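Fold and contact review
Take a look at the letters that make up each chain.
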Amino acid sequence: MSFVKVCLGKYDNTDALEKEFHYCAQKCEYWSGYGIRTDSIAHAIFDMIQIKKLAEKEDGKQLYHMVISIWRYYEKPVYKNKAVTEDACCDLIGNDISQILYNIGYQNAYFKHNNNGNRHLHFIINSVNFITGNKLSGVKSICSQTTKYLQREYPFLQWEGPYYV
């Protein structure tokens, strides 16, 4: 089964963004994001820190870490009248969710991984909303809405969750 999971770590130390970006970038096949420069990890981190500085919200939780795991299926599903592979689904989901997060005011980066056939995406979400300047407080709501969106748009992946660990 495919699932959405939020890692509920503290992520409150000053180097949390740097550590998490480097962790997610290890062995990733591809990374991208919205609201940040994607030419380098250093620029992406800098861009998120700048929003925190502008909002004067540099303390406390620095980020949220969400994982979307893509279940291995054996029949090629059809998405918008086209056959798609697991790899293509992973790419589509990464871009879709990243854009949705950005549209509600959260800079984010996503990293595509394939560990022994387990395709999954790691998302790093800035804890500060660039539209309102407020800290994210409803991560469970965002995760639940993400799961509902994925169940509706990608039903062939058999979604379960969301999980909070």
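This text gives an overview of the structure that appears in the document.

Describing the packing of aromatic side chains
- Counted under the stated rule, the structure contains eight aromatic pairs.
- Ring centres of phenylalanine 3 and tyrosine 163 lie 5.9 Å apart, and the angle between their planes is 75 degrees; this geometry places the pair in the edge-to-face category. Pair noted here: phenylalanine 3 is in strand β1 (residues 2-7) and tyrosine 163 is in strand β8 (residues 159-164), with a separation of 160 residues, a long-range link.
- An aromatic cluster of three or more residues is present, and its members are Phe21, Trp31 and Phe111.

Remarks on the nonpolar core
- Within the largest apolar cluster, 27 residues are counted, with the highest numbers of intra-cluster contacts made by Met66, Ile68, Ile93, Ile97, Phe123, Leu150 and Trp159.
- Elements supplying a minimum of two residues to this core: β1, β3 (63-70), α3 (86-103), β7 (118-126) and α4 (139-153).
- Among residues more than four places away in sequence, those in contact with leucine 150 are Val4, Ile68, Ile93, Ile97, Pro155 and Trp159.
- Residues Cys24, Ala44, Leu63 and Ile124 belong to the second largest nonpolar core, which totals 17 residues.

Section: the environment of serine 40
- Among the structural elements, serine 40 can be located in the loop between β2 (30-34) and α2 (41-55).
- Among the residues examined, serine 40 registers a relative accessible area of 23% and is labelled partly exposed.
- A distance of 3.0 Å separates the side chain of serine 40 from the backbone nitrogen of histidine 43, its partner in a polar contact.

Re the sheet that holds β2
- Across the sheet, which stays open at both edges, the six strands sit in the order β2-β6-β7-β3-β1-β8 with mixed pairing between neighbours. Sheet topology places β2 and β8 at the edges, where each strand pairs with a single neighbour. Each strand of the sheet is rotated relative to its neighbour by a mean of 15 degrees, with strand direction disregarded.
- Where β3 and β7 come together, eight bridges link them in antiparallel fashion. Across the sheet, tyrosine 64 pairs through a bridge with isoleucine 125, a residue of β7.
- Those strands touched by α3 are β2, β3, β6 (108-115), β7 and β8, and its axis lies near 15 degrees from that of β7.

Rules of the game
- Residues numbered from 1 in each chain as written.
- Predicted model: local features only at pLDDT ≥ 70, side-chain atom pairs only at ≥ 80, totals over all residues.
- Heavy atoms only, no water.
- Phe/Tyr/Trp six-rings, centres within 6.5 Å; stacked < 30°, edge-to-face > 60°.
- Helix = DSSP H or I, 4+ residues; strand = E, 2+ residues; numbered from the N terminus.
- Core = buried A, V, L, I, M, F, W, Y, C linked by side-chain atoms within 4.5 Å.
- Buried < 20%, exposed > 50% of the residue type's maximum accessible area, 1.4 Å probe, protein only.
- Contact = heavy atoms within 4.5 Å.
- Polar contact = N/O pair within 3.5 Å; in protein donor to acceptor, adjacent residues only side chain to side chain.
- Pairing = 2+ DSSP bridges.
- Axes fitted to C-alpha atoms, helices over the stretch in contact; angles between N-to-C directions.

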